[in-house]
Amino acid sequence: MTRERSQPLISAAQGRPGDDPIFLLNAEAKSRAEKGESILNATLGVLMSDDGSVPMKRAAAYAPILGEAAFLRAVIDDLFGASPLAGRALAAATPGGTGAIHHSIVNFLEVGQALLTTSYYWGPYRTIAEHTGRSVETFEMFDAVGRFDLAAFARALARQLARQERALILLNFPCHNPTGYSLDESEWAGIAEIVRAAGEKGPVAFLLDHAYARFGNASGPNWTKHAERMLETATVLVAWTASKSFAQYGARVGALVAVHPDPAQRAAIQAALGFSCRGTWSNCNHLGQLAITTLLVDRDLRARAEREREALILLLRERVEAFNRDATRAGLRYPRYEGGFFVSVFTEDAERTAQSMRERGVYVVPMKGAVRLALCSTPAADVPRLVQALR
Ligand code: PLP
């Protein structure tokens, strides 16, 4: 007998009216007007000229609450390309990856529950969780030989699922912030199997924070193949952002992509996300969505953006290589580091390490058990000084 899949959304998020009633009326009025009917559209709170236009027409007008359809399609294609996941995905525009993390937390965790992430993690995960009445629980990220600790992950997930009867896993790969770690093929396979097995016991959502996707090793593991395994029982979510990949941090263009095999669940998730958009920021930056869509779908502009990004990746690679060379020579302890904006160096007393580095004029970020170095803002020529101060 096949077991019925559990409801991925929390109870309050099920059956949400995904379309805002005002935007729904506006869309209907516009569509009838476009077909030639005489329509008086007095729905939206937009100061229009008498001919019904807004300056810079499309960009200045509100974007649809869920985001521009072409933008959402382009993001899904960017993530999944020809993979079968593309046909099972939906998306909502969000202000950067931050917004996508927010929407995942409020729709896939009940108030009072905790998300599960690695022992080193990006601080705002906690801010968002606490701000929305949830919390963060962690598992030991590295095992004794410095690899992703699959056993610790499996234990923590099983414990959490037994207690909460649902789980939201939040992992940030490749180029994890703050450690710089990227998963290899066997670590991805291990995670996928643990998620798949957990999904048999209750609703499990796996959220990949993909902020640094374009800065990972291009010939590294293909995570989508592993996501297919997770999808057998779990929901897969991806926080996509243009902040780092298009160096458009301030444009606040991002999306939450959700993958689920069941069309009815996809519709419910889409409605829940639309409701959350209206209940937080309403619509996202329209100009930003149009611009990033063009950069994703226009062949020439896409190639140009890729060339510009390649120059940034090379700049970063030079720093990463300089750091790996000097840090290995200096005997520093740090995770496998193949690229990315940050790396962390382990130290027992991070506050003291950071303090003594400050006395040498070198500023890094202390955390529990390590200090974080932003190589994204450290020229290669300064790496020897950084390593010397660390030593
Ligand atoms: N996730 C991680 C790990 C980050 O470091 C950042 C930004 O620093 C983000 C997500 C989200 O960035 P944004 O909201 O600009 O997309």
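Quick caveat: nothing in here was measured; it's all calculated off a predicted structure. (Residues numbered from 1 in each chain as written. Predicted model: local features only at pLDDT ≥ 70, side-chain atom pairs only at ≥ 80, totals over all residues. Heavy atoms only, no water.)

Visitor: What is the right way to look at the state of the cysteines in this model?
Guide: In a disulfide, the sulfur atoms of two cysteines are covalently bonded to one another. Enumeration according to the criterion identifies zero disulfides in this entry. Just so you know, C277 is unpaired, no disulfide at all, and the nearest cysteine sulfur is the one on C284, 6.1 Å from it. (Disulfide = S-S within 2.5 Å.)

Visitor: What exactly am I supposed to notice about the packing of helix α6 (residues 150-164) against helix α7 (residues 185-199) here?
Guide: The angle between the axes and the distance between the axes are what describe a pair of packed helices. Packing of α6 against α7 brings their axes to within 10 Å, and their N-to-C directions diverge by 15°. By the criterion of interaxial angle, the relationship of α6 to α7 is roughly parallel. You can see that α6 and α7 cross each other, and the crossing is right-handed. Of α7, the residues touching α6 (which contributes L150, F153, A154, L157 and L161) are E187, G190, I191, I194, V195 and A198. (Axes fitted to C-alpha atoms, helices over the stretch in contact; angles between N-to-C directions. Helix = DSSP H or I, 4+ residues; strand = E, 2+ residues; numbered from the N terminus. Parallel < 35°, antiparallel > 145°, perpendicular 65-115°, else oblique. Left-handed = near helix turned anticlockwise from the far one by under 90°. Contact = heavy atoms within 4.5 Å.)

Visitor: Honestly, the pairing of strand β7 (residues 254-259) in this entry has me stumped. Any pointers?
Guide: In the case of a regular strand, side chains alternate between the two sheet surfaces. By the criterion of burial, β7 is predominantly enclosed, with six of the six residues buried. Because side chains alternate across β7, one face comprises the buried residues G254, L256 and A258, and the other comprises A255, V257 and V259, equally buried. Pairing between strand β1 (residues 89-94) and β7: six bridges, direction antiparallel. When the sheet's bridge partners are listed, A93 is paired in β7 with A255. Pairing geometry for strand β6 (residues 235-241) and β7, over six bridges, is antiparallel. Bridged to V238 within β7 is V257. (Buried < 20%, exposed > 50% of the residue type's maximum accessible area, 1.4 Å probe, protein only. Pairing = 2+ DSSP bridges.)

Visitor: Would you explain the side chain of D326 in this entry?
Guide: Tracing the backbone shows D326 in helix α12 (residues 299-330). Among all residues touching D326, those that are not within four sequence positions of it are V383, P384 and V387.

Visitor: I'm lost on the nonpolar core in this one. Help?
Guide: Proteins that are soluble and globular tend to have nonpolar side chains buried together. Among the nonpolar cores identified, the biggest contains 58 residues, and F80 and F153 are the most heavily contacted of them. With seven residues, helix α3 (residues 69-80) is the largest single contributor of residues to this core. Setting aside anything within four residues of it in sequence, one finds F153 in contact with L116, F139, F148, I169, I191, I194 and V195. (Core = buried A, V, L, I, M, F, W, Y, C linked by side-chain atoms within 4.5 Å.)

So, to be careful, I would describe these as geometric facts and stop short of saying anything about function.
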